[in-house]
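Notes for the structure review
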Amino acid sequence: MSSFGTWVRAGHAPESWDTAIIALRLTEDSAPAVDATDLGATLLLAQAYDLQHPHDGVRALAGLDTRSVDVLRTLVEADSIRSAAALGMHPSTVQARHETLIQILGYDPRTNIGRMRYIAAALLPRLTDLATLAHFKPA
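Residues numbered from 1 in each chain as written. Predicted model: local features only at pLDDT ≥ 70, side-chain atom pairs only at ≥ 80, totals over all residues. Heavy atoms only, no water.

As for the overall build of the protein chain
- Looking only at helices and strands, the protein chain features eight helices and two strands.
- When its C-alpha atoms are laid out on the principal axes, the protein chain stretches across 60 × 30 × 25 Å.
- Sorting the 139 residues of the protein chain into buried and exposed places 35% on the buried side.
- The long-range share in the protein chain, meaning contacts at least 24 apart out of those at least 6 apart in sequence, stands at 56%.
- Of the roughly 8600 Å² of accessible surface on the protein chain, a fraction of 57% belongs to carbon and sulfur atoms.
- Here the protein chain contributes 12 positively and 15 negatively charged side chains, and the mean placements of these two sets differ by 6 Å. (Helix = DSSP H or I, 4+ residues; strand = E, 2+ residues; numbered from the N terminus. Buried < 20%, exposed > 50% of the residue type's maximum accessible area, 1.4 Å probe, protein only. Contact = heavy atoms within 4.5 Å. Areas by Shrake-Rupley, 256 points an atom, 1.4 Å probe, with all protein chains shown as cover. Lys, Arg positive; Asp, Glu negative; His and termini not counted. Charge placed at Lys NZ, Arg CZ, Asp CG, Glu CD.)

Here we look at the pattern of salt bridges
- Considering all chains together, one arrives at two salt bridges under this definition.
- The shortest N-O distance in the salt bridge between D56 and R59 comes to 2.5 Å. Here D56 and its partner R59 are both found in helix α3 (residues 56-62), three residues apart, which amounts to about one turn of the helix.
- Using a relative accessible area of 27% as the deciding quantity, one classes R59 as partly exposed.
- One salt bridge connects D70 with R73, and the closest N-O pair in it is separated by 3.3 Å. Remark: R73 and D70 occur in helix α4 (residues 66-77); sequence separation between them is three residues, near one turn of the helix.
- Residue classification places D70 among the partly exposed positions, given a relative accessible area of 27%. (Salt bridge = Lys/Arg side-chain N within 4 Å of Asp/Glu carboxyl O.)

Looking at the confidence of the model for the protein chain
- Here the protein chain averages 84 in pLDDT, while 91% of its residues score no lower than 70.
- Per-element mean pLDDT across the protein chain ranges from 42 in helix α8 (residues 130-135) up to 93 in helix α7 (residues 112-123).
- Scored below 50 in pLDDT, residues 130-139 makes ten contacts in the model with residues more than four places away or belonging to other chains. (pLDDT = per-residue confidence, 0-100.)

Describing the packing of α4 against helix α6 (residues 91-105)
- Running from amino to carboxyl end, α4 crosses α6 at an angle of 100°, the nearest separation of the two axes being 10 Å. Between α4 and α6, the angle falls in the class roughly perpendicular. Taking contact as the criterion, the partners of R67, S68, V71, L72 and L75 in α4 are, on α6, V94, R97, H98, L101 and L105.
- Here the residues of the contact of α4 with α6 sort into six nonpolar, two polar and two charged. (Axes fitted to C-alpha atoms, helices over the stretch in contact; angles between N-to-C directions. Parallel < 35°, antiparallel > 145°, perpendicular 65-115°, else oblique. Nonpolar A, V, L, I, M, F, W, Y, C, P; charged D, E, K, R; others polar.)

Overview of the side chain of S16
- Mapped onto the elements, S16 comes out in helix α1 (residues 13-25).
- On the basis of relative accessibility, which here comes to 14%, the residue S16 falls in the buried class.
- Sequence-distant contacts of S16, defined by excluding residues within four places in its chain, comprise G5, T6 and V8.

Some words on α7
- Over its twelve residues, α7 runs 17 Å from end to end, which matches the ideal 16 Å to within 8%, given 1.5 Å per residue.
- Turning to α7, its buried residues are G114, Y118, A120, A121 and L123.
- Where α7 is buried, its residues touch α2 (41-48), α3 and α4. (Expected span 1.5 Å × (residues − 1).)

Following this line, the structure appears as structure tokens:
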């Protein structure tokens, strides 16, 4: 995995280093190299994120079980509830899970705003280690 910070003059190298660290934490198997410049507004979101005080949306995702996380990810990515049922669940079961997730999250992850909220809440924990995030799981 590799990352690149933003291009700056030598006197601003520490700022570039900080953006490179953010980019590194956002690498994954499908994107093993991330350039901080390519993050656009996501870089601003990451820089503003307070690791010591995770947003409620981040804590809500951290409190979900693995199956709920899979259903949520599929709901966000799918075109419809029926296509989300590709997880091997009956569409009515996916619909019921969707309604439960709306209650847990406080928003509908199938709307445009809901998708943005989910993406941000799923991305931000990657800026810290999982041990730190586990500390913020709801009781």
